[in-house]
Amino acid sequence: MSINQQQYEQLTEMGISLWQLRNHANQSETASDNSKVYSDINLSELAQKQLFRDILLATKLSIGEISHQGDHLDFGLFNWYFTDDTSTNEIRWHEQQLCTPSITSIAKSPMLKKQLWQVLSNHNDE
């Protein structure tokens, strides 16, 4: 599908990438395949965890600026998903989506904490 210059400018102004529709469709298929992998989120519990409060400080956000959207947290510039999959203890960032183990798992692992801080530092400047 082709678009004209005016449509391109409007989409760009709204923050929509030309490739978003295609990637979004692929992500939807992937997300539906892995939908059971994401854990339930209790924002009240997270807000009481020191590591989560430190992350809010690092991202210059308050708890009121974050919204709970079903299976993820909406941080505005990125969405944060927590996985229940204990076989992969890794932090992943893909197209403004952060996927991590639970905050409790991250807090217990110096390697995961380091990885999380590196990912947030790299993408906080974008």
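Structural data are supplied above this passage.
Throughout what follows, the structure given in this document is the object of discussion. (Residues numbered from 1 in each chain as written. Predicted model: local features only at pLDDT ≥ 70, side-chain atom pairs only at ≥ 80, totals over all residues. Heavy atoms only, no water.)

1. Focus: the nonpolar core
- Ranked by internal contacts, the top residues of the largest apolar core, which has 22 residues, are Phe52, Leu73, Phe75, Trp80, Leu98, Ile103 and Leu116.
- When contributions to this core are tallied by element, the ones reaching two or more residues are helix H3 (43–47), helix H4 (50–58), strand S3 (79–82), helix H5 (103–108) and helix H6 (110–124).
- Setting aside residues no more than four positions away along its own chain, Ile103 makes contact with Leu46, Lys49, Leu51, Phe52, Ile55, Trp80 and Phe82. (Core = buried A, V, L, I, M, F, W, Y, C linked by side-chain atoms within 4.5 Å. Buried < 20%, exposed > 50% of the residue type's maximum accessible area, 1.4 Å probe, protein only. Helix = DSSP H or I, 4+ residues; strand = E, 2+ residues; numbered from the N terminus. Contact = heavy atoms within 4.5 Å.)

2. Notes on the side chain of Thr100
- Residue position: Thr100 is located in strand S5 (residues 97–100).
- Apart from the residues within four sequence positions on either side, Thr100 is in contact with Trp80, Tyr81, Phe82, Thr83, Glu90, Ile91, Ile106 and Leu116.

3. Things to note about the sheet that holds strand S2 (residues 72–74)
- One open sheet accounts for five strands, arranged S1-S2-S3-S5-S4; its pairing is mixed. Two strands close off the open sheet at either side, each with one partner strand: strand S1 (67–69) and strand S4 (92–94). The mean angle between the axes of side-by-side strands here comes to 25 degrees, regardless of whether they run parallel or antiparallel.
- As paired strands, S1 and S2 are joined by three bridges and run antiparallel to one another. Paired with Ser67 across the two strands is Asp74, which belongs to S2. (Pairing = 2+ DSSP bridges. Axes fitted to C-alpha atoms, helices over the stretch in contact; angles between N-to-C directions.)

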